[in-house]
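# Working through the structure, step by step
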Amino acid sequence: MKWGSFTSVHITSLVAAAGILAALYMLLRKRSDRVQTAVLGVLSFSGIAAIVYNFVTAGTLPLQLCSLNALLLPVLVFTRSQLIGNLLMAWGLGAAAALVYNVGVADAPVFGITFNLYYFPHVLECGIPWVMIALGKVRKDPRFIPSTVGITVSAYTLVYFVNVVLERAFGGAVYCNYMYSLWPTTSLAQHFWDLLPCRYWYMYLALPILTLFLAAVYAPQLARSRRLRKMGEMVDRLLPLPKSNGQRGDAQ
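I will try to describe carefully the structure that is included in this document. (Residues numbered from 1 in each chain as written. Predicted model: local features only at pLDDT ≥ 70, side-chain atom pairs only at ≥ 80, totals over all residues. Heavy atoms only, no water.)

### Some points on the environment of F55
Looking at the element boundaries, F55 is found in helix α3 (residues 46–58). Overall, F55 belongs to the partly exposed group, its relative accessible area being 47%. If sequence neighbours within four positions are ignored, F55 has contacts with T60 and L61. (Helix = DSSP H or I, 4+ residues; strand = E, 2+ residues; numbered from the N terminus. Buried < 20%, exposed > 50% of the residue type's maximum accessible area, 1.4 Å probe, protein only. Contact = heavy atoms within 4.5 Å.)

Quick look at the structure:
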């Protein structure tokens, strides 16, 4: 049975992905911190296993967004870095998009090695940061929005130049379109290309999607900060600080 793209099997797998992550949270929520870290730590290496498999079988370098996500995921689990946690929460959107727009692996047999090393790593890359947030190991913090956007754009730009170097070094004889920065190879990227057919720049049309996603994710924190700021302004109006007369007290 093939996985398919927007078939009943594919849609069922997307629903199952949400079920897997919910079950993982329910399984871990009453466990000790050590057990939670051990389980999430083992699962976090699934993406690295896929990276090794893709490199051995196809010579693919870990320069796609999901591959970078996979490399950072174990670091997040074992360090609980708030910066990495907020970054991978956003990068998980790319993993979710890879599950939805799965055309490149749509012909893979369900539960075959290609399916397993594509589906499960992407599910975990998308979900583990959220499970850690739900378990209280990572805190959503809108102060990390600039770093998330900055690191994402920087990584994309660096990978673009790697693509250009490989393209010039091998005369286009190797596949070097990581992060789709040279041309679109997915239907989602094709939409951006149709609007702006200029390599590298066309993927910047994804930034509004990222911005809306971050706005939705951090909406409660941003609203709370705004309420607290308004409360502070109200207190300042009701209880104004005494004005200084500009004179120093007698030092004698």
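### A word on the packing of aromatic side chains
Considering all chains together, one arrives at 16 aromatic pairs under this definition. Judged by centre distance (6.3 Å) and plane angle (85°), the ring pair of F115 and F120 falls under edge-to-face. For F115, a relative accessible area of 3% translates into the label buried. For F120, a relative accessible area of 30% gives the class partly exposed. Between Y200 and Y204 the ring centres are 5.3 Å apart and the planes differ by 65°, which places this aromatic pair in the edge-to-face class. (Phe/Tyr/Trp six-rings, centres within 6.5 Å; stacked < 30°, edge-to-face > 60°.)

### Re the pattern of salt bridges
Enumeration over the complete set of coordinates arrives at 5 salt bridges. R143 is paired through a salt bridge with D141; the nearest N and O atoms lie 2.7 Å apart. Judged by its relative accessible area of 4%, D141 is buried. With its nearest N and O atoms 3.2 Å apart, the salt bridge here joins E167 to R199. Within this pair, whereas E167 is found in helix α7 (residues 145–170), its partner R199 is found in the loop between α8 (187–195) and α9 (207–217), the two being separated by 32 residues in sequence. R199 gets classed as partly exposed once you look at its relative accessible area, which sits at 31%. Counted as one network, the salt bridges with shared partners bring together D33, R80 and K137. (Salt bridge = Lys/Arg side-chain N within 4 Å of Asp/Glu carboxyl O.)

### Digging into the packing of helix α1 (residues 8–28) against helix α6 (residues 113–134)
For the pair α1 and α6, the least separation of the axes is 9 Å and the interaxial angle reads 40°. Considering their axes alone, α1 and α6 lie oblique with respect to each other. Judged by the twist between their axes, the crossing of α1 over α6 is right-handed. The residues of α6 that touch α1, namely those facing S13, A16, A17, I20, L21, L24 and Y25, are Y119, F120, V123, G127, V131 and A134. A breakdown of the residues in the contact of α1 with α6 according to their chemical character gives 11 nonpolar, 2 polar and no charged. (Axes fitted to C-alpha atoms, helices over the stretch in contact; angles between N-to-C directions. Parallel < 35°, antiparallel > 145°, perpendicular 65-115°, else oblique. Left-handed = near helix turned anticlockwise from the far one by under 90°. Nonpolar A, V, L, I, M, F, W, Y, C, P; charged D, E, K, R; others polar.)

### Details of the side chain of S13
Tracing the chain through its elements places S13 in helix α1. For S13, a relative accessible area of 8% puts it in the buried group. Within polar-contact distance, the side chain of S13 engages the side chain of W3 at 2.9 Å. Not counting the four nearest positions on each side in its chain, S13 is found in contact with W3 and Y119. (Polar contact = N/O pair within 3.5 Å; in protein donor to acceptor, adjacent residues only side chain to side chain.)

### Observations concerning α6
Because an α-helix completes one turn every 3.6 residues, residues spaced three or four positions apart along the sequence face the same direction. Over its 22 residues, α6 runs 31 Å from end to end, which matches the ideal 32 Å to within 8%, given 1.5 Å per residue. A positive phi of about 80° marks G136, the residue just after α6. (Expected span 1.5 Å × (residues − 1).)

### Topic: the nonpolar core
Generally speaking, soluble globular proteins have nonpolar side chains that are buried together. Grouped together as the largest cluster of nonpolar side chains are 41 residues, with contacts concentrated most on L40, L76, I128 and M132. Listed in part, the 15 residues of the second largest apolar core include A17, V110, F115 and Y119. (Core = buried A, V, L, I, M, F, W, Y, C linked by side-chain atoms within 4.5 Å.)

### Quick look at the environment of V138
Within the secondary structure, V138 sits in the loop between α6 and α7. Exposure remark for V138: the relative accessible area of 5% places this residue in the buried category. A sequence separation of 58 residues divides V138 from R80, and the C-alpha atoms of the two residues are 6.4 Å apart. Dropping the residues within four chain positions of it, V138 is found in contact with L76, Q82, G85, N86, M132 and I133.

### Concerning helix α5 (residues 82–100)
Counted at 1.5 Å a residue, the expected span for α5 with its 19 residues is 27 Å, and the 28 Å between its end C-alpha atoms agrees. Where α5 is concerned, the buried positions are I84, G85, N86, L87, L88, M89, A90, W91, G92, A95, A98 and L99. Looking at the buried side of α5, the elements it contacts are α1, α4 (65–79), α6, α7 and α9. The residue sitting at the N-terminus of α5 and contributing the capping side-chain oxygen is S81; that oxygen lies 3.4 Å from the backbone nitrogen of L83.

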